[in-house]
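# Inside the fold
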Amino acid sequence: MSKPINEFRRPVSVDFAPRGSACEWCGKPAERQLTAIGGRYHNESGVFCRECGEKFSQAVANALHTAVVPEAEVC
Ligand SMILES: [Zn+2]
């Protein structure tokens, strides 16, 4: 079973990868195309295998999490 709980919290849009495409990170057959929404990864996209797709999603989520912390006061 998948974990649908996490799906809507992910700042990543998921599509099917074009047939025949290879994972950008490891070169294995890609399963999904991921596009980051928001944060410093905004509009970053690529095709990934299942494993690397998870890492990509996690990286985006982590980046957003740290981005939530205010770095400067706004006057
Ligand atoms: Zn991969």
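From a predicted model like this one, the values you see are computed outputs, not experimental measurements.

This part takes up the nonpolar core. C23, A30 and F48 are the most contacted members of the largest nonpolar core, which has 13 residues in total. Elements with a minimum of two residues in this core: β2 (32-36), β3 (45-48) and α2 (50-67). In this structure C23 touches K28, A30, V47, F48, C49 and C52, once residues within four positions along its chain are discounted.

Right, let's talk about the confidence of the model for the chain for a bit. On average, the chain scores 82 in pLDDT, and the residues at 70 or more come to 73%. The element-level mean pLDDT for the chain is lowest in helix α1 (residues 4-7), coming to 51, with β3 highest at 96.

Let us look at the sheet that holds β3. With respect to topology, three strands assemble into an open sheet ordered β1-β2-β3, the strand pairing being antiparallel. The strands lining the two open edges of the sheet, one partner per strand, are β1 (12-16) and β3. Strand-to-strand twist across the sheet, computed as the mean angle between neighbouring axes with direction ignored, equals 25 degrees. Pairing of β2 with β3 involves four bridges; the strand directions are antiparallel. Looking at the pairing, T35 lines up with S45 of β3.

What counts, and at which threshold
- Counting restarts for each chain, with residues numbered from 1 along the sequence as it is written.
- In keeping with the predicted nature of the model, local features appear solely for residues at pLDDT of at least 70, side-chain atom pairs appear and are counted solely at 80 or more, and the whole-chain, interface and lining totals rest on all residues.
- Take the buried Ala, Val, Leu, Ile, Met, Phe, Trp, Tyr and Cys residues, join any whose C-beta atoms are within 7 Å, and the set you get is a nonpolar core.
- With C-beta atoms placed from the backbone, a residue counts as buried when 20 or more other C-beta atoms lie within 10 Å of its own, as exposed when 12 or fewer do, and as partly exposed for counts between those limits.
- Runs of E in the DSSP output that reach at least two residues are strands. Runs of H or I that reach at least four are helices, and both are numbered from the N terminus.
- Residues are defined as contacting one another if the C-beta atoms placed from their backbone atoms lie within 7 Å.
- For every residue, the predictor assigns a confidence score, pLDDT, that lies between 0 and 100.
- Pairing between strands is defined by DSSP: at least two bridges between the two strands are required.
- For helices, the axis comes from a line fit to the C-alpha atoms of the stretch in contact; other axes are also lines fit to C-alpha atoms, and the angle between any two N-to-C directions lies between 0 and 180 degrees.

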